[in-house]
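Remarks on the overall topology
Listed here are the chains, written in short residue letters.
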Amino acid sequence: MTFEEFQNLCKENFDASRPADISKEFSVTPQVVNNWKARNVVPYRYVKLLREKISKANDGGHVNPNLPLGYLNFGVEEQQNEKSFDISLLEVSLNFLRRLKKNYILIILVTLVFSLFSFIRVLFFVDHIFTSTATLLPSVSKPSQSQISGLASRFGINIGSGSGVNDQIESAELYPILIKSSTMAKNILGREFYSQYFDKRLSLIKIFNDDTSASIDNPIDLKNAQAKLMSFTTVHNSKNTPAVKLITKSSEAKLSSDIANAIIEELQEMQKKFKGQKASQKKNFIQERLKTVQKELILVEEELKTFREKNRKISSSPALVLQMDRLMREVDSKMEVYTTLKTQ
């Protein structure tokens, strides 16, 4: 029932047309009546209560002749509409199960078709990518100033104290640069790996180019394979630890693992080569300095010997004593340098 009809009935039978009067008549707040008015709908239980009040007011249920013709049926209609919205969750579930039972064959067929389509697509049309992960822990100990570096600095020669970039090839910051370098890529692409696809060992440049005639000497083959290797290789530096995470990918599981191991081996070879070069540089420096210091030591010793031969009694001359002490200190200094170089 609409609020207007409800309001008209209340006005005709109880002389209550204002929301405040209607609220008192039905023991509700004026706000509730205003809500009925705003929605222009009155709940069924208050319509039923209005009918009861009107029946009592008409002495035994006689209907007021002034009531609209639809008054006798409005209660039934409202009750049916109210029940139509009172659908329980159980009824919804049962209805869903009935529909499911009715169309279960179609549902099963659709599921099987999509499953078969996905299986065929993954099996024949999607490239499988396998990932291999390795964690590298570089040497983080900062080398201290060695004796030979100290001696070199005393002569104005810098042979490296381990604090420069070139001396920190094992540093975690340099690992991504070394791994992504063209030298590393060329060495890896020239290595042979077993390929399950070709069922034999081939160089990686041939595997990546899918061409057994590909060669390192061919710039186009090298460029394509190097781009693929770079896209399949990822290096991450940890923020809190010096560890470096190496990730390699390929279409074969064993190949991914072999590439990761090859990169680690090449990295170790680079470090050995660098250390060998540094050791060779230090060795050459020591040999050159040893020859120079030996000559200087001989000259100072000869000078001290000549001084003593010419000045046998120097106790009475403070100047001669001071000069001899100076020569002796210089001999001791050269001897110390010479001994240190010999022990390196």
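Analysis parameters
Residues numbered from 1 in each chain as written. Predicted model: local features only at pLDDT ≥ 70, side-chain atom pairs only at ≥ 80, totals over all residues. Heavy atoms only, no water. Axes fitted to C-alpha atoms, helices over the stretch in contact; angles between N-to-C directions. Helix = DSSP H or I, 4+ residues; strand = E, 2+ residues; numbered from the N terminus. Parallel < 35°, antiparallel > 145°, perpendicular 65-115°, else oblique. Left-handed = near helix turned anticlockwise from the far one by under 90°. Contact = heavy atoms within 4.5 Å. Phe/Tyr/Trp six-rings, centres within 6.5 Å; stacked < 30°, edge-to-face > 60°. Buried < 20%, exposed > 50% of the residue type's maximum accessible area, 1.4 Å probe, protein only. Lys NZ or Arg CZ within 6 Å of the ring centre and 35° of its normal. Pairing = 2+ DSSP bridges. Patch = residues over 30% accessible without salt bridge, like charges linked within 9 Å, V, L, I, M, F, W, Y side chains within 5 Å. Areas by Shrake-Rupley, 256 points an atom, 1.4 Å probe, with all protein chains shown as cover. Salt bridge = Lys/Arg side-chain N within 4 Å of Asp/Glu carboxyl O.

Quick look at the packing of helix 1 (residues 3-14) against helix 4 (residues 44-57) now. Two elements in contact, helix 1 and helix 4, have axes whose closest approach is 11 Å; the angle formed by their N-to-C orientations is 20°. Judged by the angle between their axes, helix 1 and helix 4 are roughly parallel. As for how helix 1 packs across helix 4, the hand of that crossing is left-handed. For the pair helix 1 and helix 4, contact is made by Phe6, Leu9, Cys10, Asn13 and Phe14 and by Tyr46, Val47, Leu50, Lys53 and Ile54, respectively.

A full pass over the atoms with the stated rule returns five aromatic pairs. Relative to Phe232, the ring of Phe208 has its centre 6.0 Å away and its plane inclined at 80°; by these criteria the two rings are edge-to-face. Here Phe208, found in helix 11 (residues 204-209), pairs with Phe232, found in helix 12 (residues 219-232); they are 24 residues apart in sequence, far enough to count as distant. The exposure class of Phe232 is buried, given its relative accessible area of 19%. Above the plane of the ring of Phe26 lies Lys53, whose end atom (NZ or CZ) is 5.9 Å from the centre.

Turning to the sheet that holds strand 4 (residues 233-237), a few remarks are in order. An order of 1-5-4 is seen for the three strands of this open sheet, with the pairing classed as antiparallel. Each end of this open sheet is capped by a strand with a single partner; those strands are strand 1 (130-136) and strand 4. If you compare each strand with its neighbour and ignore which way they point, the axes differ by 15° on average. Bridge count for strand 1 against strand 5 (residues 244-250) is seven bridges, and the pairing is antiparallel. Note that in strand 5 the partner of Thr131 across the bridge is Lys249. Packing against the sheet, helix 12 makes contact with strand 4 and strand 5, and its axis sits at approximately 40° to strand 4. Contacts from helix 13 (residues 253-310) reach strand 1, strand 4 and strand 5 within the one sheet, and its direction differs from that of strand 5 by about 140°.

A few words now on unusual backbone geometry. Even without being glycine, Ser27 reaches a positive phi, approximately 55°. Here Ser27 is to be found in the loop between helix 2 (19-25) and helix 3 (30-39).

A cluster of nonpolar side chains, namely Leu90, Leu94, Phe96, Leu97, Leu100 and Ile107, defines an oily patch on the protein surface of about 570 Å² accessible area. For the nonpolar patch, the element with the most residues is helix 6 (residues 89-102), which contributes five residues. Along the polypeptide, Leu100 turns up in helix 6.

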